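Report on the structure
This is what each chain is made of:
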Amino acid sequence: MKQAGKTVLGADLGAGLAVAALMLPEAVAYAGIAGLPPARGLVSAVAGCLVYAALGRSRFAIVSPTSSAAAILAAALAVLAPAPGDAGSLATLAVLLVGIIFLGASLLQLGALASFVSRPVVRGFAFGLAITISVRQLPALLGIPAGGAGLWTLVAQLAAHVSAMNGAAALTGVAALAALLALKRFPAVPGALLVLLAGIAASFFLGLSGRGVATVGRLSVHLAAPALPALDWGTFARLVQLAVPLVLILFSESWGTIRTLALRHGDDVRPGRELAALGAANLVVGLLQGLPVGAGFSAGSANEAAGAQSRRAAAAASLAMAAAVVVAMPWIALLPQPVLAAVVIAALAEALKPAPLIRLWRLGRDQYVATAAAIGVLALGIVNGMLLAILLSVAAMVRRMAAQDVVRLGRLPGTHDFVDLARHSDAEASPDVAIWRPAEPLFFANAEAIFGLVSRETPSGAGTLIVSLEESSNLDSTALEALIEFDQRMCRRGRNILLARVRDPVRDLLRAAGAADLAGRCYYSVADAADAAAGSRPQG
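My aim in this report is to walk through the structure given alongside it, one point at a time. These numbers were taken from a predicted model, which means no experiment stands behind them.

What to know about the packing of aromatic side chains
One pass over the full model with this rule turns up eight aromatic pairs. Summarising the aromatic geometry, the rings of phenylalanine 204 and phenylalanine 205 are spaced 5.0 Å apart at their centres and angled 85° between planes, so their arrangement reads as edge-to-face. Aromatic side chains phenylalanine 204 and tryptophan 331 sit 5.7 Å apart centroid to centroid with 65° between the ring planes, which places their arrangement in the edge-to-face category. Note that phenylalanine 204 is positioned in helix H8 (residues 191-206) and tryptophan 331 in helix H12 (residues 312-332), a separation of 127 residues in sequence. One aromatic cluster is present, built from ring pairs that chain together Phe102, Phe251 and Trp255. Just above the ring of tyrosine 524 sits the side chain of arginine 507; from NZ or CZ to the centre is 3.8 Å.

Written out as structure tokens, the structure is:
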């Protein structure tokens, strides 16, 4: 047992060191995306990873700054247009708000919030965001003096100032990017760290700063109480409005990563616990004046590939990174900005591939909302694009649930199975009985329309209608009233209504609403209801 324990501990330590090599350059680069000092990214990676290792449940998740969170924070700071010098304190308040919202969502058991941002919308948003971030890195990568606020303004400035490109910076950035992309073919090699070290060496031996190549500069990591800005109510309310969708995006990305890795290995993870762990991580990071943190898929996958066996790997990565920062801080100051830009673009290489969107078009499912999310980010900016992405997710869900779609069922010969008559030519339907199944759960937006459709589509010769409620585990008051009114209307027309696949909560609700007679015509299966309609068994 001791030998096995040593093996697991050794695997965790090895994975932690490998992940730390990936985290360090990315943390510095993501701070640059947010327009904040590199020290904020480093502190965030160390603290976020350590807090999650103590409170989270995924043995692979690495909670640190992510490119999407950094870009959204940068856009939020730009929207709020703080006075010079206020960006840091405003960012601190934003991160604290993210932590508070996460903890509040955990207390209210709102883990299902992640479902409101569908995967196709997240993919479209990520694709548009990856393009935006990459374009914004081009001035630093190529040494071009451009810095437009909007994406298209920046593109125009890049085109106009291409002749002012710094040759040394461009050569450094392009060489770093080429090396990073080439090293991606060898997952076991810490490509980002090697390129970072090569960049520092080139800066030292070739005197790149003297050739006009910008460097990170002196880092200052110190612990102090966070300085919060004095905001008017309007600005604070706007900051809260931007923090809520940031939480949704962060949790969607984090929960997707955590759940995917957990399913691969049969681990048990729960959204409520992860909400609390992410909330605590962001709260601590906010107190340390860092960046928003979440569980990015690339870092989690790297931890898994490196052989992590428990959350000790994340703790080891955090401590190794802290030690590296203390030892290497003077050297990190020499890191060329074009190399950091290359690290960011290379980290987004997978997100820049349009394959996930192309797959949706081939499947013919959700392709419009995914594409609209990508275009929204490019056309409207990151913040408005993010809000549009969330709105599209909710709109797609409402549209699907509100669909007025019902299926007529028939029995397969010699069985108790009832299937869609339109899909199964061998299914049999009685001319006296029409069996219908709503395709979506009944609720206030679709109940009346669905019952109206059933009434219109039922053949005139069918004296009995069976409605299967297998999709509806419960009913709201509007759907309940629509069902009772439908039964009364059909009874006045001389038709008998039976309900199949009715759950107990729906039966209880019918009795509480005074519709005991209809509750007595409920059955647990379609076959039982069909037999009752045929007179082979008593109703009720």
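Here's the deal with a positive patch on the surface
Among the surface-exposed residues, Arg119, Arg123, Arg259 and Arg359 lie close enough to one another that they form a single positively charged patch. Residue position: arginine 359 is located in helix H14 (residues 355-363).

Points about the sheet that holds strand E6 (residues 464-468)
Taken in spatial order, the five strands of this open sheet run E4-E3-E5-E6-E7, and their pairing is mixed. Looking at strand neighbours, the two that pair on one side only are strand E4 (418-420) and strand E7 (496-500), the edges of this open sheet. On average, each strand axis in the sheet is tilted by 35° relative to the strand beside it, whichever way the strands run. Where strand E3 (residues 406-411) meets E4, three bridges bridge the pair, whose relative direction is antiparallel. The residue bridging arginine 411 from the neighbouring strand is phenylalanine 418, located in E4. Across the sheet, helix H18 (residues 477-492) touches E6 and E7, and the angle it forms with E7 is around 145°.

How each quantity is defined
- Residues numbered from 1 in each chain as written.
- Predicted model: local features only at pLDDT ≥ 70, side-chain atom pairs only at ≥ 80, totals over all residues.
- Heavy atoms only, no water.
- Phe/Tyr/Trp six-rings, centres within 6.5 Å; stacked < 30°, edge-to-face > 60°.
- Helix = DSSP H or I, 4+ residues; strand = E, 2+ residues; numbered from the N terminus.
- Lys NZ or Arg CZ within 6 Å of the ring centre and 35° of its normal.
- Patch = residues over 30% accessible without salt bridge, like charges linked within 9 Å, V, L, I, M, F, W, Y side chains within 5 Å.
- Areas by Shrake-Rupley, 256 points an atom, 1.4 Å probe, with all protein chains shown as cover.
- Salt bridge = Lys/Arg side-chain N within 4 Å of Asp/Glu carboxyl O.
- Lys, Arg positive; Asp, Glu negative; His and termini not counted.
- Charge placed at Lys NZ, Arg CZ, Asp CG, Glu CD.
- Pairing = 2+ DSSP bridges.
- Axes fitted to C-alpha atoms, helices over the stretch in contact; angles between N-to-C directions.
- Contact = heavy atoms within 4.5 Å.

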